[in-house]
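Spelled out from the first residue to the last, the chains are:
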Amino acid sequence: MSASPTIGVLALQGDVREHERSLEAVGATALRVRRIEQLSLIDALVIPGGESTTMSKLAVMDGFMAPLRQARLDGMPMYGSCAGMIMLADRVLDARPDQETIGGLDITVRRNAFGRQVDSFETDIDMAWLGGPPMHAVFIRAPWVEATGAEVEVLGVIDSGDRAGTIVAVRQGLLLATSFHPELTGDHRIHSNFVEIVKGNR
Ligand code: GLN
C-alpha cells in the first residue's frame with residue numbers, strides 16, 4: 001500500500017470540500033464518497049460538519065447507514081467534526097426522534113448544546129498532546145460531550161469561561177471526534193493526527 005492513505009469524506013451533506021483540503025494539506029489522498037461502493041476504496045473516513053439530522057436522514061434513505069456501521073465494525077478509522085461527532089456518538093440528546101447514528105464512540109453528546117446566545121463562538125483549546133500552541137477552535141451550533149465511557153480518551157476541554165470543563169474532543173480506538181471545525185481554520189494538526197492513526201492501522 002502506498003505511503004499516502006486514501007481518506008474518504010462522506011459527501012451526503014456538510015463541509016466536504018474543507019475536509020478534502022485539510023486532508024490533502026497533510027499528504028493524504030481525499031476521496032469524496034457519494035456511493036456505497038466507494039467505501040471499499042478508502043482506508044478511513046471523515047464525516048464532515050453540517051447538519052446531523054439531515055445527514056442521518058440521507059444516510060438512511062440512500063442505504064448508507066448499514067454499510068457505514070459495518071465499515072466501522074470492520075475497523076475503518078473514522079473522524080467526525082461537529083455533526084460528524086454526532087454521527088459517531090452512541091447516544092445523542094436533543095436529537096430528532098428518528099435520528100440514527102453510525103455510533104461506535106461510547107459518548108453521550110448534546111446537539112446545539114451551547115445555546116442560542118452563543119450559536120457560534122471561537123476559543124483556544126489546549127491540546128498539548130498534539131504539540132505546539134493551543135488550537136484555535138471554531139464552534140458552530142456545536143454539540144458537546146456530556147458523558148464518556150471508560151474507553152474514551154478526552155483530548156480537548158474548554159479551559160476557561162462559563163463552559164470551562166466541557167469536553168470537545170475525544171478518541172476511542174480508531175474513532176476521533178471534535179465538537180469544533182479544524183477544517184475551517186487552516187490548523188491541520190487534527191487531520192495530521194488522524195492520518196497517523198490511519199497509517200498505524202494499516
Ligand atoms: N447543529 C448541527 C447538528 O446538530 C451541527 C452543526 C455543525 O456541524 N456545525 O448536526
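See the structure shown above.
Report on the accompanying structure. (Residues numbered from 1 in each chain as written. Predicted model: local features only at pLDDT ≥ 70, side-chain atom pairs only at ≥ 80, totals over all residues. Heavy atoms only, no water.)

**Let's talk about the site of the ligand**
Going by this rule: Consider each residue's heavy atoms; a residue with any of them within 4 Å of a molecule or strand counts as near. Any pair of nitrogen or oxygen atoms within 3.5 Å is treated as a polar contact; in protein, a donor-acceptor pairing is required on top of that, and neighbouring residues in sequence qualify only through side-chain atoms on both sides. Note on areas: Shrake-Rupley with a 1.4 Å probe; residue coverage comes only from the protein chains shown. Amino acids outside the nonpolar list (Ala, Val, Leu, Ile, Met, Phe, Trp, Tyr, Cys, Pro) and the charged list (Asp, Glu, Lys, Arg) are all regarded as polar, and Gly is one of them.
Around the ligand lies a shell formed by Gly-49, Gly-50, Glu-51, Ser-52, Cys-82, Ala-83, Ile-86, Arg-111, Asn-112, Ile-140, Arg-141 and His-181. Between the ligand and Ile-140, the relevant distance is 3.0 Å, taken from a nitrogen atom to a main-chain nitrogen or oxygen of the residue. With respect to the ligand, the backbone of Arg-141 contributes an N or O atom lying 2.8 Å from a nitrogen atom. The fraction of the free accessible surface of the ligand (300 Å²) that becomes covered by protein chains is 97%. Looking at the shell around the ligand residue by residue, the class counts come to 4 nonpolar, 5 polar and 3 charged.

**Comments concerning the environment of Arg-116**
Let me state the cut-off plainly: Numbering of helices and strands runs from the N terminus; a helix is a DSSP stretch of H or I covering at least four residues, while a strand is a stretch of E covering at least two. For every residue, the accessible area (1.4 Å probe, protein chains only) is compared with the maximum for its type, and the residue is labelled buried under 20%, exposed over 50%, or partly exposed between those bounds.
Along the chain, Arg-116 turns up in the loop between strand S6 (105-110) and strand S7 (120-125). Exposure remark for Arg-116: the relative accessible area of 78% places this residue in the exposed category. Separated by 25 residues in the primary sequence, Arg-116 and Arg-141 place their C-alpha atoms 8.1 Å from one another.

**Some words on unusual backbone geometry**
Trans is the prevailing form of peptide bonds, just as negative phi is the prevailing case for residues other than glycine. Of note, the phi angle at Cys-82 is positive, near 55°, even though the residue is not glycine. Mapped onto the elements, Cys-82 comes out in the loop between strand S4 (78-81) and helix H4 (83-88). By relative accessible area, Cys-82 is classed as buried at 4%. With a phi close to 60°, Asp-94 is a non-glycine residue in the positive phi region. Relative to the elements of secondary structure, Asp-94 occurs in the loop between strand S5 (89-93) and S6.

**Observations regarding the packing of aromatic side chains**
Each pair of aromatic rings is reported with the distance of its centres and the angle of its planes. Short version of the rule: Only Phe, Tyr and Trp rings take part, Trp by its six-membered ring, and two of them pair if their centres are within 6.5 Å. Stacked means planes under 30 degrees apart, edge-to-face means over 60, and tilted covers everything else.
Tallied over the entire structure, the rule returns 6 aromatic pairs. Through successive ring pairs, a cluster of aromatic residues spans Phe-114, Phe-121, Phe-139, Trp-144 and Phe-180.

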